[in-house]
Amino acid sequence: MERSTEFLSNIDLVVGPRGHRRWPDAVKAQIVAETLVEGASVDAVARRYDMRANHLSEWRRMAREGKLVLPALAEEPSFAALIVREDVDMAPEPAQLSPLDLICGAVTVRLDARTSAARIAEIARALNAPS
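Because the structure is a prediction, the values reported are computed rather than measured.

### What about the packing of helix α1 (residues 25-35) against helix α3 (residues 53-64)?
Contact pair α1 / α3: the axes reach a minimum separation of 10 Å and the direction vectors enclose 95°. As far as their axial angle goes, α3 and α1 are roughly perpendicular. Two secondary-structure elements touch here, α1 through K28, I31, V32 and T35 and α3 through L56, W59, R60, M62 and A63. Residues belonging to the contact of α1 with α3 are distributed by class as follows: six nonpolar, one polar and two charged.

### Here's the deal with the pairing of strand β4 (residues 107-111)
When strand β3 (residues 100-104) meets β4, the two strands line up antiparallel, connected through five bridges. What sits directly across from D101, in β4, is R110. Counted along the chain from β3 to the antiparallel partner β4, the turn is two residues long, and its residue G105 has a positive phi close to 65°.

### Some words on unusual backbone geometry
The phi dihedral of D50 is positive, around 55°, even though this residue is not glycine. Mapped onto the fold, D50 is located in the loop between α2 (42-48) and α3.

What counts, and at which threshold
- Residues numbered from 1 in each chain as written.
- Predicted model: local features only at pLDDT ≥ 70, side-chain atom pairs only at ≥ 80, totals over all residues.
- Heavy atoms only, no water.
- Axes fitted to C-alpha atoms, helices over the stretch in contact; angles between N-to-C directions.
- Helix = DSSP H or I, 4+ residues; strand = E, 2+ residues; numbered from the N terminus.
- Parallel < 35°, antiparallel > 145°, perpendicular 65-115°, else oblique.
- Contact = heavy atoms within 4.5 Å.
- Nonpolar A, V, L, I, M, F, W, Y, C, P; charged D, E, K, R; others polar.
- Pairing = 2+ DSSP bridges.

Treat this as a map of the structure, not an account of what it does.
As structure tokens, then:
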């Protein structure tokens, strides 16, 4: 398996006098994200980057605790099939819209689902206004 260290040449990876590497947070996050891909293992990813698995596990802990922000994982887009038919005479009926309930303490205000966002905001402010 090839090592994925090609991008490391473009970063500020600091190697100390004893050979210890200091990884920028962005690189740590990218490497941790690789361990979250289905079928990936911490050991395999650590080997790819020539590092110890326990070190990578520490970065994963940091990510879980919110101390390391991970990049958004790229998901493959999924598409629905589109069928174009010219022989259909009637348009489908619009779906029934459910009413919207604003609840503030013991007060419930039921609004039509087509109520504008601005009007909903006005009513919510009025419900929360000190009396």
